[in-house]
Amino acid sequence: MSTRVELRRDAGRVGPEAGPWIRRRQVAKVWGPADPAGLVQVVDHRDQTLAWGLVSPDGELAVRIVQHGATPPPEDWLVRRLHAALAARAALGLADDPATDAYREVNSEGDGIPGLTVDRYGDDRVVQIATPAIAARRAVIVGFFAARTRGRVFVSAPEAAAAREGFALEPVTHGEDAVLTFKEFGLAFAVPAPPAQKTGAYLDQRDNRRLAAELAARAGGPMLDVGCHAGGFAVHAAARGVFAVGLDQSARALAAARDNAARNGLAEKTAWVLGDMFGPLDDPALAGPFGVVVFDPPRIASGPQGRDRAVGAMARSLAWLLPRVRPGGFLLACSCSHHLGRAELDAALLAAGGPAFARVHALGPGPDHPVWPGHVEGEYLRVNVYQRRDMA
């Protein structure tokens, strides 16, 4: 008999439109062992089956749904969905693009496998595990990708997720100095392998990096990339003939960015500044004016209670940056927090004052980062593109 999770009478609607998460406050009782290795049956107070999912015994998200309705998923649901995720990327043309060989292959709830992220970097793959249920299925997942990987398979777990969900994971790192190499629209990149930021690079910004480079070329440059990490935005702009300046507070990230520029023969078209994006930004190399400014901070709002503070922090930095955008130029303001959406980015821009800007693009991740319909928390990356419109 399967473990049953009985919901409270006032738990609210459970269905595809409500998203794939059951929070602990919605749960009345758990009948049977809360085993992350198994599937649990989600029932209402009348014992009617609503869904099937993966349990997290200690997390605030008690169940992550993998199938709605009374019929349980097949025993091999996980392998089926892994196959489907790879087939979806192939249908998007990502699997055989000689110019780009880094992309997301499994995007957690967006591919029906909550808690699992898999990114491909050339011949290597990075498997990131964020829940005890996926940790319990590690052998199946790693075996699946090992059979399809010419290079190395890295395995990691975000420290915050492991602590929050109450599980431990032995990582597979292939050495402290391991590097991931890949191509992005014909440019060559290398980034430190996990443990590092995200899975090594920010693949969700891939398409936005190319667009920013196009905007910089049209605006006549130069570009300022604030929070540049391994130099993605700046290197793409330099490849379009635009001089680019990158700023980051991580010396390791800047070393990777500098190497990536040199790897593509663009060292003379780039400059790199070590500094805090929330600081005064008074280095002479940051003075501008710039045709494009990218402001890409780390996640600064981990919950709704931090939203106002995050908007204030962004507004203070944008107050320094807006005057450095030349008339007709562009500002890309980025948020990787679900709790800091487009309206909050607009609010930060308005609070910063300065010249007038109009929003001309509302961007997100590429199609290799699908979102489960109804899962609003899955929409985490927003990039608002504003154009300076000085008015009399």
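None of the values given here were measured: they were computed from a predicted structure.

**Student:** Just to check I follow, could you spell out the overall build of the chain for this structure?
**Tutor:** Scanning the chain from terminus to terminus reveals nine helices and 19 strands. For the chain, the C-alpha radius of gyration of 22 Å lies close to 21 Å, the compact-globule estimate for 392 residues. When the backbone C-alpha atoms are referred to their principal axes, the chain occupies close to 70 × 50 × 35 Å. Counting all 392 residues of the chain, 53% fall into the buried class.

**Student:** Is there a simple way to explain the pattern of salt bridges in this structure?
**Tutor:** Between side chains of opposite charge, pairing is possible as soon as their charged atoms come close. Scanning all chains against the criterion turns up 18 salt bridges. The residue Arg104 makes a salt bridge to Asp119 at a minimum N-O spacing of 2.7 Å. Taken as a pair, Arg104 in strand S7 (residues 102–107) and Asp119 in strand S8 (residues 116–121) lie far apart in primary sequence, 15 residues in all. Residues Asp368 and Arg206 are paired through a salt bridge, measuring 3.1 Å at the closest nitrogen-oxygen approach. Within this pair, whereas Asp368 is found in the loop between strand S18 (357–363) and strand S19 (382–388), its partner Arg206 is found in helix H5 (residues 206–219), the two being separated by 162 residues in sequence. For the residue pair Asp368 and Arg206, the accessibility class agrees, reading buried in each case.

**Student:** Explain the sheet that holds strand S13 (residues 223–226) to me, please; I cannot follow it from the model alone.
**Tutor:** Strand pairing in a sheet relies on backbone hydrogen bonds, with the paired strands running either antiparallel or parallel. Spatially, seven strands are ordered S15-S14-S13-S16-S17-S19-S18 in an open sheet, and the strand pairing comes out mixed. Edge positions in the sheet fall to strand S15 (270–274) and S18, since each of these pairs with one other strand and no more. Across this sheet, the average inter-strand angle for adjacent strands is 15°, counted without regard to direction. Bridge analysis of S13 against strand S14 (residues 244–248) gives four bridges, and the strand direction is parallel. Its bridge partner lying in S14, Leu224 is registered against Val245. Across the face of the sheet, helix H8 (residues 307–321) comes into contact with S13, strand S16 (290–295) and strand S17 (325–335) while running at roughly 165° to S16. Contacting S17, S18 and S19, helix H9 (residues 342–352) runs over the sheet at an angle of about 35° to S19.

**Student:** I tried to follow the environment of Val153 on my own but got confused; where do I start?
**Tutor:** Looking at the element boundaries, Val153 is found in strand S10 (residues 153–156). Of the residues examined, Val153 reaches a relative accessible area of 12% and is grouped as buried. Sequence separation between Val153 and Phe357 is 204 residues, and the spatial gap between their C-alpha atoms is 45 Å. Every residue in contact with Val153, bar those within four places of it in the chain, is listed here: Arg125, Val127, Val142, Phe145, Ala146, Val172 and His174.

**Student:** Whenever I open this one, the packing of aromatic side chains confuses me. Can you help?
**Tutor:** Each aromatic ring pair is characterised by the separation of its centres together with the angle its planes make. Taken as a whole and assessed by the stated rule, the structure comprises four aromatic pairs. Centroid distance Phe278 to Phe295: 6.0 Å. Interplanar angle 90°. Geometry classified as edge-to-face. Placement of Phe278 in the loop between S15 and S16 and of Phe295 in strand S16 is noted, with a sequence separation of 17 residues between them. An aromatic cluster of three or more residues is present, and its members are Tyr121, Phe182 and Phe189. In this structure, Arg148 is placed above the aromatic ring of Phe144, and the distance from its NZ or CZ to the ring centre is 3.8 Å. Residue placement shows Arg210 over the ring face of Phe185; its charged tip is 3.9 Å from the ring centre.

**Student:** Would you explain the sheet that holds strand S9 (residues 124–129) in this entry?
**Tutor:** An order of S7-S8-S9-S10 is seen for the four strands of this open sheet, with the pairing classed as mixed. Looking along the sheet, the strands with just one partner apiece sit at the ends: S7 and S10. Neighbour-to-neighbour, the strand axes of this sheet turn through a mean angle of 15°, independent of strand direction. Direction of pairing for S9 relative to S10: parallel, over a ladder of four bridges. Bridged to Arg125 within S10 is Val153. Against the sheet, helix H1 (residues 77–91) makes contact with S7 and S8, and its axis sits at roughly 145° relative to S7, the strand it touches most. In the packing of helix H3 (residues 138–146) onto the sheet, the strands contacted are S7, S8, S9 and S10, and the crossing angle to S10 comes to about 155°.

**Student:** Could you clarify how one ought to interpret the nonpolar core in this entry?
**Tutor:** One broad rule of soluble globular proteins: the nonpolar side chains tend to lie buried together. Tyr121, Met223, Val292 and Leu332 are the most contacted members of the largest nonpolar core, which has 43 residues in total. Broken down by element, the residue count for this core peaks at five residues, all from helix H6 (residues 232–239). For Leu332, the residues in contact, after removing those within four places along its chain, are Ala212, Leu215, Phe233, Val292, Val293, Val294, Phe295, Val383, Asn384 and Val385. One finds Leu224, Phe290, Val293 and Met314 within the second-largest nonpolar core, a separate group that totals 28 residues.

**Student:** Before we go on, may I ask you to explain H9 in this structure?
**Tutor:** One full turn of an α-helix is made of 3.6 residues, so residues set three or four places apart face in the same direction. For H9, the full list of buried residues reads Leu345, Ala348, Leu349 and Ala352. Mapping the buried residues of H9 onto a view down its axis gives an arc of 100°, with all of them on the same face. Summarising the geometry of H9, the exposed residues directed more than 90 degrees from the buried face are Ala343, Leu350 and Ala351. The inward-facing, buried residues of H9 abut H8, S17, S18 and S19. With its phi angle positive at about 70°, Gly353 sits one or two positions after the end of H9.

**Student:** Could you clarify how one ought to interpret the pairing of S13 in this entry?
**Tutor:** Sheet faces and side chains relate simply in a regular strand, where the side chains alternate between the two faces. With burial as the criterion, each face of S13 is covered, one bearing Met223 and Asp225 and the other bearing Leu224 and Val226. One crossover worth recording links S13 to the parallel S14 by way of H6, and it is right-handed. When S13 meets S16, the two strands line up parallel, connected through four bridges. Each residue of the ladder has a partner; that of Met223, found in S16, is Val292.

Conventions used here
Residues numbered from 1 in each chain as written. Predicted model: local features only at pLDDT ≥ 70, side-chain atom pairs only at ≥ 80, totals over all residues. Heavy atoms only, no water. Helix = DSSP H or I, 4+ residues; strand = E, 2+ residues; numbered from the N terminus. Rg over C-alpha atoms; globule rule 2.2 N^0.38 Å. Buried < 20%, exposed > 50% of the residue type's maximum accessible area, 1.4 Å probe, protein only. Salt bridge = Lys/Arg side-chain N within 4 Å of Asp/Glu carboxyl O. Pairing = 2+ DSSP bridges. Axes fitted to C-alpha atoms, helices over the stretch in contact; angles between N-to-C directions. Contact = heavy atoms within 4.5 Å. Phe/Tyr/Trp six-rings, centres within 6.5 Å; stacked < 30°, edge-to-face > 60°. Lys NZ or Arg CZ within 6 Å of the ring centre and 35° of its normal. Core = buried A, V, L, I, M, F, W, Y, C linked by side-chain atoms within 4.5 Å. Arc of directions from axis to C-beta. Right-handed = clockwise from strand over helix to strand, strands pointing away.

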